[in-house]
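Listed below are the residues making up each chain.
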Amino acid sequence: MAKNKKEEPKINIDGKDYKQSDLKPEQIDMVNHVSDLDNKLRNANFNLVQLQGGRNFFMSLLKESLA
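Conventions and cut-offs
- Residues numbered from 1 in each chain as written.
- Predicted model: local features only at pLDDT ≥ 70, side-chain atom pairs only at ≥ 80, totals over all residues.
- Heavy atoms only, no water.
- Helix = DSSP H or I, 4+ residues; strand = E, 2+ residues; numbered from the N terminus.
- Pairing = 2+ DSSP bridges.

Caption draft 1: Up close: the environment of Met30. Following the sequence through the fold, Met30 ends up in helix α1 (residues 25-66). It is 22 Å that separates the C-alpha atoms of Met30 and Glu7, two residues lying 23 residues apart in sequence.

Take a look at the structure:
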């Protein structure tokens, strides 16, 4: 029976794969920072859309009440 080999984690940067074990600790830290910042940007964009929708809703209520 053949043993299943675990594939080593790879990190893709600009279309090129890098083995995680080939990266220096500070490079792994930078990858983690970039990943965390990507998540924060997605969350910030989600919040922005949500806030704009809420503002538009309340502005429409205000305009109706003034009419």
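Caption draft 2: Layout of the pairing of strand β1 (residues 10-13). Of the pairings in the sheet, the one linking β1 to strand β2 (residues 16-19) comprises four bridges and is antiparallel in character. For Ile13, the partnering residue across the bridge sits in β2 and is Lys16. If you look at the hairpin formed by β1 and β2, you'll find two residues sitting between the two strands, and Asp14 has a positive phi there, around 55 degrees.

Caption draft 3: Looking closely at the environment of Leu61. Along the chain, Leu61 falls in helix α1. Separated by 32 residues in sequence, Leu61 and Asp29 have C-alpha atoms that sit 48 Å apart.

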